[in-house]
Amino acid sequence: MVYADVIQESVAPAFLLGAVASFLSVLNLKFNRIIDQRNAIPATEEDPILVKRRKILTRRARFVNRATLLALLSAAMAATLIIASFAYALFGVIEQRGLPLLFTISLVFLGVAFIDLGREVFAARSEYKD
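Residues numbered from 1 in each chain as written. Predicted model: local features only at pLDDT ≥ 70, side-chain atom pairs only at ≥ 80, totals over all residues. Heavy atoms only, no water.

> So what about the side chain of R60? Which residues, and what values?
As for its placement among the helices and strands, R60 is situated in helix α3 (residues 48–91). Ignoring sequence-local partners within four residues, the contact set of R60 consists of I34, Q37, E120, A123, A124 and E127. (Helix = DSSP H or I, 4+ residues; strand = E, 2+ residues; numbered from the N terminus. Contact = heavy atoms within 4.5 Å.)

What follows is the structure, given as structure tokens:
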């Protein structure tokens, strides 16, 4: 395989890495806001409404934390895919069966991260239903 072909095939995973980086930035900001809101409520508070709010914020933080972990795993798979592509070309490996699997795994991790973000958004919106 020619290196030019490898570079062409690495475009999609490279864009995926850029998208994941932006997504991680959003998740980080969201997590920081949730933690700041939760920490504004004293842990010794006995008001049932504030205790419930603190629990909801903790639950939302767990969703964002899990989404962050999954997005990082997605980025790791995409980076591994790019590295493996170049390594295969460097060593002249013709059979590249693992590469589509790495890309698929990366997209699955990212998809599940989006689901967790959706769960967090749903939890945030349901908090204000009452």
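> Give a description of the environment of K55 that names residues and reports values.
Locating K55 in the fold gives a position in helix α3. Considering only alpha carbons, one finds K55 and R38, 17 residues apart in sequence, at a separation of 8.5 Å.

> Explain the environment of S126 to me, and be specific about the residues and the numbers.
Mapped onto the fold, S126 is located in helix α4 (residues 98–127). C-alpha of S126 to C-alpha of I56: the two residues are 70 residues apart in sequence and 9.9 Å apart in space. Within the structure, S126 has its side chain in polar contact with the backbone oxygen of A123 (distance 3.0 Å). (Polar contact = N/O pair within 3.5 Å; in protein donor to acceptor, adjacent residues only side chain to side chain.)

> I'd like a rundown of α3, residues and numbers included.
Working note: α-helix, 3.6 residues per turn, so residues spaced by three or four point in the same direction. With 44 residues, α3 should cover 64 Å at 1.5 Å per step; its first-to-last C-alpha distance of 64 Å lies within 8% of that length. G92, located one to two residues past α3, shows a positive phi value of around 70°. (Expected span 1.5 Å × (residues − 1).)

> Account for helix α2 (residues 11–39), with residues named and values stated.
Here α2 is 29 residues long and its end C-alpha atoms lie 42 Å apart, about the 42 Å a rise of 1.5 Å per residue gives. Looking at α2, one finds that the buried residues are P13, L16, V20, F23, L24, L27, I34 and I35. (Buried < 20%, exposed > 50% of the residue type's maximum accessible area, 1.4 Å probe, protein only.)

> Summarise the packing of aromatic side chains; cite the residues concerned and give the values.
A complete count under the given rule lists one aromatic pair for this structure. Note on F23 and F114: the rings are 4.4 Å apart at their centroids and 45° apart in plane angle, and the pair reads as tilted. Taken together, the positions of F23 in helix α2 and F114 in helix α4 put the pair 91 residues apart, joining distant regions of the chain. Look at F23 and you get buried, because its relative accessible area is 7%. By relative accessible area, F114 is classed as partly exposed at 44%. (Phe/Tyr/Trp six-rings, centres within 6.5 Å; stacked < 30°, edge-to-face > 60°.)

That is the geometry; function is a separate question.
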